[in-house]
Amino acid sequence: MRPGASPRRVGARCSPPATWGRTSTSCASRRASRNQGPPSTTGSGRSRPRSPRTDPQSSAVQWRSPSCSGPERSTNAEETPMRDAVAPFNVLMELDKGVLEPTDHTKRRHLSDMHGMYLEEPDEAAGDALVYTVHEIVVPESPDHIQCSTTILQPGRVGREFFMTKGHFHEVRGRSEVYLGLRGEGRLVMATEGGDHAVEHIVPGSVSYVPGGWAHRSVNIGSELLVFFAAYVGDAGHDYATIEDEGLPVLLTDAPDGPRVERNPRYTQR
Ligand SMILES: O=P(O)(O)OC[C@H]1O[C@H](O)[C@H](O)[C@@H](O)[C@@H]1O
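Residues numbered from 1 in each chain as written. Predicted model: local features only at pLDDT ≥ 70, side-chain atom pairs only at ≥ 80, totals over all residues. Heavy atoms only, no water.

Q: Pulling in residues and values, what's your account of the UniProt feature "domain: Glucose-6-phosphate isomerase prokaryote" (unreviewed entry) in the protein chain?
A: Mapped onto this numbering, the UniProt entry annotates "domain: Glucose-6-phosphate isomerase prokaryote" (unreviewed entry) at residues 109–245. Helix makes up 4% of residues 109–245 and strand 45%, whereas the separation of the span's terminal C-alpha atoms amounts to 19 Å. (UniProt positions renumbered as here; feature names shortened; annotations may be inferred. Helix = DSSP H or I, 4+ residues; strand = E, 2+ residues; numbered from the N terminus.)

What follows is the structure in structure tokens.
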């Protein structure tokens with residue numbers, strides 16, 4: 001347990017604005033797991049494999065500090081507040097900006113953090129431009145909880161490729177994730193370790209389901225910010241190394257006739 005924290009402490013840090021009226025009670029029911037994901041616009045044609053289940057043996061809540069692996073810049077990396085997720089709380093989101101109030105943790109990735117992820121290296125003239133920002137609501141890394149975040153992806157390109165997130169598998173491969181598009185136009189590139197891939201659209205109102213076992217990377221194909229909300233099982237974790245080593249099977253490139261899904265010539269399947 002976090003020093004000084006009490007799992008029974010009641011009271012969220014954030015009070016809703018008066019215009020929200022009474023705070024809602026908890027959801028009455030939880031949706032049963034779906035048998036199939038949304039249709040893919042692109043894919044290998046092979047059927048999607050069942051997700052490997054590598055659930056940890058214990059579901060005990062781990063009240064530990066969040067760890068964000070990989071290079072990052074954080075506004076408050078030294079001391080990240082952890083919400084008392086035993087008590088209900090509200091966070092207010094600016095839908096078109098993805099800003100959370102309050103925000104527990106913010107990470108920013110610049111071009112220098114994306115080294116080796118693009119086919120070409122960025123122009124020196126681009127400097128160390130900001131590529132994306134992630135605002136996180138920090139709760140315990142446990143399957144009893146749901147991690148939520150907003151991502152704000154800048155428009156831009158490196159060579160023919162659009163600005164994108166690093167992308168990752170979940171460390172616990174069976175853990176799934178949901179995306180809700182809020183602003184802009186993007187693509188969600190997903191792939192399994194077996195080499196299957198799928199590309200879904202991210203637009204305001206799109207809900208994308210990332211099943212367990214599928215790596216995911218978002219790509220801003222537009223000329224304005226791409227903003228989306230994501231939620232995933234609390235203990236999922238981020239495995240960046242697999243994509244750093246192998247890449248993803250496809251790339252999103254800016255072609256004369258529009259965004260194009262291309263085979264990644266550097267992709268190396270295990
Ligand atoms: O973690 P990245 O691959 O850099 O992607 C940026 C973010 O995208 C989504 O919001 C995920 O839910 C986050 O977990 C992730 O941090």
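Q: Quick one: what's the story with the pairing of strand β5 (residues 130–137), residue by residue and with numbers?
A: Regular strands place side chains that alternate from one sheet face to the opposite one. Summarising burial for β5: seven of the eight residues are buried, a large majority. Examined bridge by bridge, β5 and strand β6 (residues 146–153) share six bridges and lie antiparallel to one another. Following the sheet pairing, Y132 is matched in β6 by L153. (Buried < 20%, exposed > 50% of the residue type's maximum accessible area, 1.4 Å probe, protein only. Pairing = 2+ DSSP bridges.)

Q: I'd love a proper account of the sheet that holds strand β10 (residues 186–192), names of residues and values included.
A: Strand pairing within a sheet occurs via backbone hydrogen bonds; the two strands may be parallel or antiparallel. With respect to topology, three strands assemble into an open sheet ordered β11-β10-β13, the strand pairing being antiparallel. Where the open sheet ends on each side, the last strands, each with one partner, are β11 (197–202) and β13 (214–220). Neighbouring strand axes in the sheet, compared pairwise and without regard to direction, differ in orientation by 20 degrees on average. (Axes fitted to C-alpha atoms, helices over the stretch in contact; angles between N-to-C directions.)

Q: Can you explain the site of the ligand? Please cite residues and give values.
A: The full set close to the ligand counts 17 residues, and Y132, T151, E177, H238 and Y240 are the nearest of them. H168 is positioned with one of its side-chain polar atoms (N or O) 2.8 Å from an oxygen atom of the ligand. Here an oxygen atom of the ligand and a side-chain polar atom of E177 are 2.4 Å apart. When the ligand is considered free in solution it has 370 Å² of accessible area, and contact with the protein chains removes 99% of it. Mapped onto the shell around the ligand, the elements with two or more residues apiece are β4 (105–110), β5, β6, β9 (177–183) and β14 (226–233). (Near = heavy atom within 4 Å. Polar contact = N/O pair within 3.5 Å; in protein donor to acceptor, adjacent residues only side chain to side chain. Areas by Shrake-Rupley, 256 points an atom, 1.4 Å probe, with all protein chains shown as cover.)

Q: Can you lay out the pattern of salt bridges for me, pointing to particular residues and giving the numbers?
A: Oppositely charged side chains can form a pair if their charged atoms are brought close together. The full count for this structure, using the stated rule, is 11 salt bridges. Salt-bridge contacts for R157 lead to D254; the nearest nitrogen and oxygen are separated by 2.7 Å. Here R157 is found in strand β7 (residues 157–158), whereas its partner D254 is found in strand β15 (residues 250–255), with 97 residues between them in sequence. Note that E185 and R187 form a salt bridge whose closest N and O atoms lie 3.8 Å from each other. (Salt bridge = Lys/Arg side-chain N within 4 Å of Asp/Glu carboxyl O.)

Q: Go over unusual backbone geometry, please, and point to the residues and values.
A: Omega for the peptide link from E101 to P102 comes to -5 degrees, which places this bond in the cis form. Examined against the element boundaries, P102 turns out to sit in the loop between β3 (99–101) and β4.

Q: Can you break down the side chain of R109 residue by residue, with the values?
A: Here R109 lies in strand β4. Look at R109 and you get buried, because its relative accessible area is 1%. Among the polar contacts made by the side chain of R109, one reaches the side chain of Y240 at a distance of 3.1 Å.

Q: Lay out the environment of I146 in plain terms, naming residues and giving numbers.
A: Here I146 shows up in strand β6. With 14 residues separating them in the primary sequence, I146 and R160 have C-alpha atoms 36 Å apart. Residue contacts for I146: discarding those within four places in its chain leaves V139, A231, Y232 and G234. (Contact = heavy atoms within 4.5 Å.)

Q: Please set out a nonpolar patch on the surface residue by residue, giving values where relevant.
A: Together, V178, L180, V207 and Y209 make up an exposed nonpolar region whose accessible area comes to about 300 Å². Looking at the nonpolar patch, the elements with two or more residues in it are β9 and β12 (207–210). Its location among the elements puts L180 in strand β9. Relative accessible area serves as the criterion here: at 32%, L180 is assigned to the partly exposed category. (Patch = residues over 30% accessible without salt bridge, like charges linked within 9 Å, V, L, I, M, F, W, Y side chains within 5 Å.)

Q: Residue-level account of the pairing of strand β16 (residues 258–263), with values.
A: Of the pairings in the sheet, the one linking β15 to β16 comprises six bridges and is antiparallel in character. For V250, the partnering residue across the bridge sits in β16 and is R263. Count of turn residues in the β15/β16 antiparallel hairpin: two residues.

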